[in-house]
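One-letter residues, chain by chain:
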Amino acid sequence: MNDEFARSEYCPLTTDHCPLISVNLSDLLQDVLSSTTGPLMGSFRPEVVISITILVILLQRTFLPAWKLGAFYLMLLGLGTAFYFVVPWHGTMEGMKSPPPFTGMLVADSFSVGLRTLLYLFTLLLIPFTQISGVPKREDAAEFYVLVLGALLGMSLMVAANHLIVVLVGMEMASLPCYVLAGWQRNRRFGSEAALKYAVFGAGAAGVMLFGMSLLAGALGSAHLPTMASKLIALFELFPQERSAVVATSGLLMLGGLMLFVGIGFKLAAFPFHFWAPDAFEGASAEVGAFISVASKIAALGLLVRLALAFSAVPDPGALEKLAPAREYLVILISTLAAITCTFGNLAAYGQTNMKRLLAYSTIAHAGYMMMAVAAAVAVAGNADRSGAEEAIASLVVYAGIYLFMNLAAFAGVAFLRNVLGSEDLHEYAGLVRRSPGFTVCMALVMFSLLGLPPLAGFTAKFAVFKALYETGKSPIHALLAIGVLNTVLSLFYYLRVVKVMVIDPEPADRTAPEIPLRSAAGGYFFLLASFMLLLFFFSGGVANWARRAVESLLM
Amino acid sequence: MPEISQLLPLIPALPLAAAMLTAVLGPRLLRKQSHWPTVLALALSCTASLMLLCKVHREAGQEEYERSGYEKIVTLYTWANVDEAYESDLRLRSPEGTVVISQGRKPLENGRLRQQSPEGATVNSRRDDSNKDSLATAAPLGLYNSEVIPFQGFTSLANDCRPEGTKKQGATIKNFRIEIALRADPLTAVMLAVITFVSTLVAIYSIGYMHGDPGYWRFFSYISLFVFSMTMLVSASNFLLLYVFWEAVGLCSYLLIGFWCEKPAAAAAGMKAFLVNRIGDFGFALGIFLIWTTFGTLDFHDSTAMGVLGKMRLASPEPIVNGAVGTAICLLLLLGACGKSAQFPLHVWLPDAMEGPTPVSALIHAATMVTAGVYMLARCMPLFAASPFALHAVAVVGGLTALIGAVVAITQTDLKRILAYSTISHLGYMFLAMGAGTVLGVTAGMFHLVTHAFFKALLFLAAGSVMHAMGGVIDIRRFGGLRRIMPVTHWTFLIGGLAMVGMIPFAGFYSKDAILLAVAEKFSFGNHVDLVYQTLYWTTFGGIFLIAVYTFRPFLLTFYGKDTVIPPEAGHHAHESPLSMTGPLVILALGAAFLGLYLEKTGGLAEFLAGTPSVAYLNRYPLAPEPSHETLESLHSSIGRQSTVMVAAGILFTIFLYAGSRRRLADRLAGPMKRLGLYQLSFGKLFFDPLYRLFVVRPLELFAQACAWFDNRFIDGSVNLVGILPKLLGAALRPLQGGLIQFYALAMILGVLIFLGVLLL
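What comes next is a walk through the structure.

The rules behind the values
Residues numbered from 1 in each chain as written. Chains lettered and ligands numbered in written order. Predicted model: local features only at pLDDT ≥ 70, side-chain atom pairs only at ≥ 80, totals over all residues. Heavy atoms only, no water. Helix = DSSP H or I, 4+ residues; strand = E, 2+ residues; numbered from the N terminus. Buried < 20%, exposed > 50% of the residue type's maximum accessible area, 1.4 Å probe, protein only. Contact = heavy atoms within 4.5 Å. Areas by Shrake-Rupley, 256 points an atom, 1.4 Å probe, with all protein chains shown as cover. Expected span 1.5 Å × (residues − 1). Bend = angle between axes of the 7 residues up to and from the residue. Salt bridge = Lys/Arg side-chain N within 4 Å of Asp/Glu carboxyl O. Buried area = accessible area lost by both parts, 1.4 Å probe. Patch = residues over 30% accessible without salt bridge, like charges linked within 9 Å, V, L, I, M, F, W, Y side chains within 5 Å.

## A closer look at the overall build of chain A
Along the backbone of chain A there are 22 helices and 0 strands. Burial status across chain A gives 62% buried among its 556 residues. Contacts in chain A between residues at least 24 apart in sequence constitute 80% of all its contacts with a sequence separation of at least 6. When the accessible surface of chain A is split by element, carbon and sulfur atoms take 69% of a total near 20,000 Å².

Okay, here's the thing in C-alpha cells:
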C-alpha cells in the first residue's frame, strides 16, 4: 500500500520506492528537460521576466549610466510584465495537471500564484514610493532595485517550494539582499549596525534551520515534501509493533521540525526569533522596512503553510488519519508561538517612542495573527471535508493581502514625515493635524486599520482570521481566538497613541512647518494607499472571493 | 404614456438628483440660480405624479380590483437578503405546495414570485384548494402585478458565500428580504400628487422669498431632499423603508427648522422638533419590531411571504392580529404618528418649528410632512380596525388635539404660530376621522388632508408674504390695514381663511363636513350608542366656532383697521410681493376655493381611495352594518346646515369684536377672561412646555448628570486601568531588547530548548 502511494506521486530524487530508477539516462534527461522548459514558459514566466529585468538593469547601469531614471522605468516595466504574467487569468494556472515543474522541486498551484501576485503587487506599489521618498538616491537606484528583485525571486521560490533544498535556497536568496538593503544608508551608524545584526542573526537562524533540515531528511530518507509525508505515514504505521524505534525517530523529527521552524520564525520575526526586527527596522530606512516587513513576511507565511500542510494534509483520506500526531505537534508549535508572538509584539510596542520601532513590534504582532490562521488550518486539515482548512488559509491570504496595503501605507507615512521632519520620533508628530490635516487623516485611517476597526480593511482581515479560528470548532483554537481578540484590545492603545499625538497634542513651538499637502506626489500616493483602507473594506467580498480562488488547488 | 413602473421611481429620483446637483454645484457655480434644478425637478416630478394619478385612476377603476383594491409593486433593489432568518406559518404557496425561495442573484425570479394570490384564496386551510391556480394562470388574470427592474446590488455576505445546494426548498419560508419596493395604489397616488404639486408651488414661491439669503443653494438642496424623502415615504411598500424615510423627512425638517442656525431660537427649535419626534419614532420602531415578530414580515404587499397589509392577508379578517398584541402594535404606531403629526401629547414641537423659513412652514409643517402620520394611519387601517380600543385612542387623541390647538390659537399674537396651532387642530380633525375606522372616516380624513394641504399652504405663504413685506415682523399687533398695500395677499388670505373655517362653498367646508359625518355615523345609527364618539363629535363641532374666531382674528387685525400700520423694520418700501410669490398664492387660492366643490360633487376622491387595498378591506369587513344611502345623505345635509350656521356665527362674532374701530370690545372681553385665568391658560399654550420641562426634561437632565458622573468615575477608571496594565508589562519586557546580539542568539537557543523541553516532557 505504501509503495502504491509513493508511486502515485512523482518522486524524482529519491532512491527507493521510485520507479524512475529503472529508466535509461536519455529518458531521464528528456523528462528533466520537459519538466524544466515547460514551467519556465508557463507558470514560472514571471520569474523568468524578473531575472531578465535584473540583467537588463545591470546592463543599463553599465552601458547607459547617463539615463538616471533608467533603473526606475526598467524596474516598473519588468515588474509590470511579471505581474501581468502572474495574475491567474494569464495562463499561470495552466499546466498544473502536467508533471510537477522542475522535477517536483517546485509546485505551481493556485496558492503560489496567489501569494506571488501579492508579492509582485506589493513591489509594484513600493517602487513609486521609493522614487517619491528619495531613498535610494537616483545614482544608487539600480543596485537597490536589483537587490529588491533578487529578494523577490527568492521569495517566489519560497512560496512555491516543494523540496527542502528549494526552501533553503529560496530563503537565502530572499535573505541576503535584505541584509544589504537593511544597511543601505551606509553613512548612518545605525544602518550598518542594523545590517550586521540582521546578517549575523540570519546566519545563525539559517544554520539552525539547515541542521533541522538535515535531521528531517536523514530521518525520513527524502527531502521532497510529499515523499517525506508518505514516509512519515509509513513510520506512524509501524507504531504499535516497533514502538521504541518510532518514538526515537519521532523525537528526532520533532527536534528537526523545531529547528526548521527557527528559520521560518526568523523570517516571520516570531518570538523568540524576532530580536533582530526592532533593531533592523530602526536602523534601516522606512522603505526597506516596508519591504522586509511585508514581502518577507508574506513569503515566510507561504512557506510555513507549505511545510505545515505537507505534513498535515495529504490527498489520501486513509493516510490523512495517520498524520494525527504530526498535526497535533504542528498545532501546538504554531499556535503557542503565534500566541506568544502576538502578545509580545503588542506589549512591547507600548513604550516605543520611535515610529519604526513601534511599527516593527506591530508587524511582529501581525505575524502572530497570521500564524493563528495557519494553526487553525492545520487543526482542521485532518477533516474529510477540506473546506475548513481551505477557509482558514483563505483567511490568511485575505489578511496578507490587506496587511500589504496597511503596512506599506504605515511605512510610507513614516518615510514621508521623515522627509519633512527629519525625524522618526513619535513626539515630533505632535500637532501634525494643524499643518497637514489631509495627511493626518490618512495616517489615522491607516492606524485604525492596523488596529482593525470597521469600516476599514484591517477589520476585514482580522474578522476573516477570527472567523476561521472560530469555525474550526476546536477548543485550543478557540483559546487562540480569545488571545487574538484580547490582543486586538491591547493594540488599541499604542495605535491610538499615534493618532492622539498627531491630533491632540500641541504643536512644538520650535518646529519648521511640516506640510504635506495631499496634492503633492507624496500626499497623493499616501492618500491613494489610505483610500485602500476603505475600498478593501467595502469590497471585502471581492477580496474574499479572490482569496478563495487562491487556495482552491492548495489541498488537492 | 409611460408605464407606472417607469413613472413611480422617477417621482423621487428627480428631486434626489436635484438635491445632489444643487449641493455639488450650488456653492460655487449656481449661486443665485440655485433654484433651477429644484424647480425643474419638482415640476417634472409633479407632472409624473399627475400622470401616475391618471394612470392609477384608470387602472383601479377596472372591475377586478373592486373587491380587493388595486396595487402595483415596483421593486428597485434588494437591499438585504438573509437566508433562513425565520420560520413562518403563514406562507405563500406555489402549485407544488412548496415555496421556491428566490435568490438574490436572479432578479427575474424575484419578480415571478411576487404573484398575487387569486381572488378568494385565503389562509392556509382554504388556500390549499386554490393551489391549483398556477403562476401561469395568475398572470393573465392581471393579478400578477409586479415588475422588477433588474438592478441587482449587494446582497448579504451570508448569501454570497453559501453554495446553491444548501438552500432548502422546504415548506416554510425562511428567508428575510428587505427590498426597495415602491407601490402605486390610490392612496399613494393621491399623496404623491399633493406633495409634488404643493412643493412645486412652494419652490417657486421660495425664489422670491429666499432671494438674497446667503444659504440660497442650501435651502433648495434641502427642499429637494425633503421632497425625495417624502415621496419615498408615501410610496414605500414596507415598514422598514417607511421608517427610513420617516426619519429622513424628520432630518430634513430638522435641517430646515434650523436653517438660520445662527439664530439661537432656530437652533433650539430644530433640536426640540428632533427630540420630540424621537419619542414618537421610538414608539414607531417598537411597533415595527412587534409587527416583525408577530407577522414575520415587514412588507405591505405579498411577496415571498404574506405581507402585513397584503391582499392575501386582507382577503379575510382572521390573519389580522387582534387582542392585546394587535392593540399594542396599533398604539405604538399611533405614538409614532403623534410625533410626526404633532398630536397631543407630542404637539409641542410644531409651534416652535415656525422659526424656520416660511416656505418650509408651509410645505413641511403644514401641507406634507406633518400629514405623514395621517397617511400612516390610513395605510395601517386594517390593523386598527381589528382593535376597537386603538380606534378609540386615535379618535380621542385627534379630538383632544383639535380642541387644544383651537383654544391656544385664539390668543396667540404671532401670525405663524396661530397658523401652526390651527395646523395642529386640523391634523386633530384628520386623526379623529381616522379614528372612526370606517371607509367614510378614512376617505374623509384623506379628503381633509388634500384640501388642508391647499388652504394651509396658501395661508402660510400669504403670511410669509406679509412677513416679507414687514421686514420680518410677524406680530399681528404691530401692523394693520395692510389690504391697501397688499391686495393680492389680502384676497388670497381671505380665500384661504374661508376655506379653513369651512365656509360653503370653499374647500374646507366639504372635507370638514365629511369628517363630522364620519364621526356622527358612528353613533347616530342602530341601537349602539358610543359615548366616546358622541362626546368627540359635539366638542369638535363646537371647535368649528373657535376655528372661525382664530382664523378671522389675525386676518382682521392684519388687513383691516382704519390706518395702515407698518412697523419700522419694514422701512419705507413696504409693498406687495413679487410675482414669483403671488403667482403660487393665486394658484393655491383657486385650489382652496374650488377643489373641495369639485371633489365633492364628482365624488371621485372617496370612490378612488376606496380602491386602496387597506381601505377596500374596511369596505369588505365593516365594523358595523352600514346605514342606507338616503339616511346618510340626510344626516350629511343636516350637518352641513348646522356647521354653516356655526361658522357664520363665528365669523360674525369675530368681525363684531375686531373689525373697524370696535377693537376695544375685544380688550373689554379679555378682562373677565383674564380674571378667570382662561386667557392666561390659552396665551400660555396650556402650559405644556413648562410642565414638560418640569416633569420630563429636568428629571432626564438629572439622570444624565448622574450617568456622566458614573461614566467619568467608574467606566473611565476601569478603562484607564486596562490601559495601564499592558504599559507596565511592556515596560517589563523592554530590557529584553538590550541591543546585544550575543544575548539575542542566547535567547533564540533558549527559546528552542525550552520549547523542546515542554514538548518532550
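Back to the text.
## As for helix H23 (residues 579–602) of chain B
All names here are of chain B. Taking 1.5 Å of rise per residue, 24 residues should cover 34 Å, and H23 covers 33 Å from first to last C-alpha, within 8% of that figure. The largest bend in H23 is about 45°, located at phenylalanine 594. Turning to H23, its buried residues are Met581, Thr582, Pro584, Leu585, Leu588, Ala589, Gly591, Ala592, Ala593, Gly596 and Leu599. Elements that come into contact with the buried residues of H23 comprise helix H7 (186–209), helix H19 (439–469), helix H20 (487–501), helix H21 (507–524) and helix H24 (604–609). Glycine 603 sits one or two residues past H23 and shows a positive phi near 65°.

## Looking at unusual backbone geometry
Each neighbour pair has its own omega, and for proline 454 of chain A with proline 455 of chain A the value is 5°, a cis peptide bond. Mapping proline 455 of chain A onto the fold places it in the loop between helix H18 (437–451) and helix H19 (457–471). In this structure, proline 505 of chain B follows isoleucine 504 of chain B across a cis peptide bond, with omega equal to 5°. Note on placement: proline 505 of chain B falls in the loop between H20 and H21. The phi dihedral of leucine 686 of chain B falls on the positive side, at around 60°, and the residue is not glycine. Of note, leucine 686 of chain B is situated in the loop between helix H28 (678–683) and helix H29 (688–733). At phenylalanine 687 of chain B, a position not held by glycine, the phi torsion is positive, near 60°. Mapped onto the secondary structure, phenylalanine 687 of chain B falls in the loop between H28 and H29. The class for phenylalanine 687 of chain B is partly exposed, based on a relative accessible area of 36%.

## Some details on the side chain of arginine 306 of chain A
Residue and element names in this part refer to chain A. Turning to its location among the elements, arginine 306 is positioned in helix H12 (residues 286–310). The exposure class assigned to arginine 306 is buried, which follows from its relative accessible area of 10%. With residues near it in sequence (within four places) discarded, arginine 306 still touches Val107, Asp109, Phe111, Ser112, Val159, Ala160, Ala161 and Leu554.

## Thoughts on the pattern of salt bridges
Per the counting criterion, the structure on display carries 26 salt bridges over all chains. With a closest N to O distance of 2.8 Å, glutamate 507 of chain A and arginine 435 of chain A form a salt bridge. Separated by 72 residues along the polypeptide, glutamate 507 of chain A in the loop between helix H20 (475–503) and helix H21 (521–538) and arginine 435 of chain A in helix H17 (residues 432–435) bring together distant segments of the chain. On the basis of relative accessibility, which here comes to 25%, the residue glutamate 507 of chain A falls in the partly exposed class. Under the relative-accessibility criterion, arginine 435 of chain A is labelled partly exposed at 35%. The partner of arginine 183 of chain B in a salt bridge is glutamate 71 of chain B, and the shortest N-O contact between them spans 2.7 Å.

## So, the interface of chain A and chain B
In this assembly, 32 residues from chain A lie in contact with 26 residues from chain B. Taken together, the two surfaces of chain A and chain B that pack against each other cover about 2,500 Å², and 82% of this comes from carbon and sulfur. On the chain A side of the contact with chain B, Leu258, Phe275 and Leu347 of chain A bury the most area, a combined 23% of that side's loss. Between the two partners, chain A and chain B, sit 0 salt bridges.

## Points about a nonpolar patch on the surface
All names here are of chain B. A cluster of nonpolar side chains, contributed by Met673, Leu676, Leu678, Leu681, Phe687, Leu691, Leu694, Phe695, Val696, Leu700 and Phe703, occupies part of the molecular surface with about 1,100 Å² of accessible area. Sorting the residues of the nonpolar patch by element identifies helix H27 (664–676), H28 and H29 as the ones contributing at least two each. Ranked by residue count, the leading element in the nonpolar patch is H29, at 6 residues. Along the chain, the position of leucine 700 falls in helix H29. A relative accessible area of 52% means that leucine 700 is categorised as exposed.

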